[in-house]
Amino acid sequence: MSRPDVTVVVAVYNTMPDLTTCLESLVNQTIGHDRLQIVAVDDGSTDGSGAELDRFAAAYPSVLTVVHQPNSGGPAAPSNRALDLATGRYVFFIGADDHLGREALERLVSAADRWGSDVVLGRMVGVNKRYVHQEIYDRTRSDIDLFDSPLPFSLSNTKLFRRDLVERHHLRFPEDMAVGSDQPFTLEACLRAARISVLADYDYYFAVKRLNSTNITYRSDHLARLECVERIVRFVADMVEPGQRRDAVLRRHFAWEIAKLFRPDYLKLDAETREQVRARVGKLVREYLTDGIRARLDAATRVLVGTAAYGRPEDLLAIIRLTATDGLPSTVVRDQRWFAAFPGFGEAGGLSDEWYELEPAASRWLAALTAVSVRSVTGPDGDRRVQIFARSPRPDLADLVGGDMSVRVGEADAAVRLLPADPMGTTVEATFRLQDLAADLGPAGTTRAVRVRVADSAAVPVRGFRPPLIHRVVYRDGTRLHLVTINNNHKGHLAFTVWPVTLRRVAARLRRRLPRGGSSS
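(A) Structural detail: the sheet that holds strand 18 (residues 415-418). The strand order across the open sheet built from four strands is 14-15-19-18, with neighbouring strands paired in antiparallel fashion. Across the chains shown, the open sheet's two edge strands, defined by having one partner strand only, are strand 14 (370-378) and strand 18. Here the strands of the sheet are splayed against their neighbours by 20 degrees on average, with no regard to which way each runs. As paired strands, strand 14 and strand 15 (residues 384-392) are joined by eight bridges and run antiparallel to one another. Bridge pairing links S373 to F389 in strand 15.

(B) Geometry of the sheet that holds strand 3 (residues 64-69). Read from one edge to the other, the open sheet built from eight strands follows the order 3-2-1-4-9-6-10-8, with strand pairing classed as mixed. Of all strands in the sheet, those with a lone pairing partner are strand 3 and strand 8 (141-144), marking the two edges. Direction aside, the axes of adjacent strands within the sheet are offset by 20 degrees on average. In terms of strand pairing, strand 6 (residues 119-122) meets strand 10 (residues 196-199) through four bridges, oriented parallel. Bridging across to strand 10, V119 finds its partner in I196. Each of strand 1 (6-12), strand 2 (36-43) and strand 4 (90-95) touches helix 1 (residues 18-27); the most contacted strand, strand 1, lies at about 175 degrees to it.

(C) How the structure looks around the side chain of D98. Among the structural elements, D98 can be located in the loop between strand 4 and strand 5 (99-100). At 2.7 Å, the side chain of D98 forms a polar contact with the side chain of Y205. If we skip the residues at most four places from it in the chain, D98 touches C22, R130, Y205, F206, A207 and V208.

Basis of the calculations
- Residues numbered from 1 in each chain as written.
- Predicted model: local features only at pLDDT ≥ 70, side-chain atom pairs only at ≥ 80, totals over all residues.
- Heavy atoms only, no water.
- Pairing = 2+ DSSP bridges.
- Helix = DSSP H or I, 4+ residues; strand = E, 2+ residues; numbered from the N terminus.
- Axes fitted to C-alpha atoms, helices over the stretch in contact; angles between N-to-C directions.
- Contact = heavy atoms within 4.5 Å.
- Polar contact = N/O pair within 3.5 Å; in protein donor to acceptor, adjacent residues only side chain to side chain.

And the structure:
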């Protein structure tokens, strides 16, 4: 039998029924069975995954090799076992919950041969709202560098690797890492590669988030994830000399893995675990967070990790509670510098001011508005509309956003106009058509927050009225009536509630208003 062009490694543990889709995508690759080897290692599955592997192996004995072993506690050991059995010129790793586009392997191998690449990335897309960082896939490139590209934000092992590179440097996965064991492997491969390429011309890899979120990344606990990032940060520090190149890689880990340790689920940890996470993150910050890295973090991440290292524990908890509602703090102006007034700002025991400083054009912060008034209006064609007026503290908002601001409720977009600025800021007028708000309304109605987006920033909810107020308007669509209510939701954000008006709903409202036992007379 001739040597295959590519060996696909599949580490398997309880991934049914996604495993079936994964295997079908592999055996149906256009590269052909004579150029393909699949090595799947069942790591002690208990859900029938092992039997499914055996079924495919019986159907495709010349392509699929299956190994069964006791559970090892993570994907590293089964991946290493599969690497020991690999014979292809290249090796490709796939998660057993994921699947490939039909032409993926043929295209990847062809590109690697054409360009002499040691590592090739194919565009990865998320399934079931699985987040996949997309910046590296903006275009096809024959040669990219780890240190001056978005590659540090795409360090999973789901890539094509030249097997000679893997074996020459004896690259293997650290088996004592329950999660994140692919990152040291991928990092070292990229550091040692003569050429890294990226293909953005096809959907190569479909990364699936299981509907029960049992992927190991989603179910691992804080201490396991913390240990993982400690190992990775120190691995990078050992491999790369201090300076801009090291900063380029470590920025990812502070912006991503470390910042995620302080998501709202941190608040649910017991006090001892919270303190352990805070103290160990603080140590990483003090040892490895340079001024260069700090300057490239967004303000919210910078304040979180900085407070863990240099601030007060109670401020850290308060910051997480604030950001848990997708809220942003108010901004403060001092000597023409803008600051995010997170808990601890300007207080003794808090961070120094530079941790809180905002870039003038930070788009997410430009989207932070506070509702001030609402009114009903009639459009030029007689249609009913609602206008929201919201304030930004920036008098220069119009110059900074350049017209690239959108306001949305669900799928309904507003017509947005920035009114002339004044010394205290800018008023934004957002006009919604009631027919858009009522479109595709379910029988029970719905409540949706008003969100603002500037450029490609994340959408930010509009802060509600201070003090709260309620505005209601009835909208008729043919024979149907809708009640539209604009007020603050339970998180303090501005929201629209749209309800279909029915006889049953009106009768129920009247019953609630009448005193028990009879009429109101």
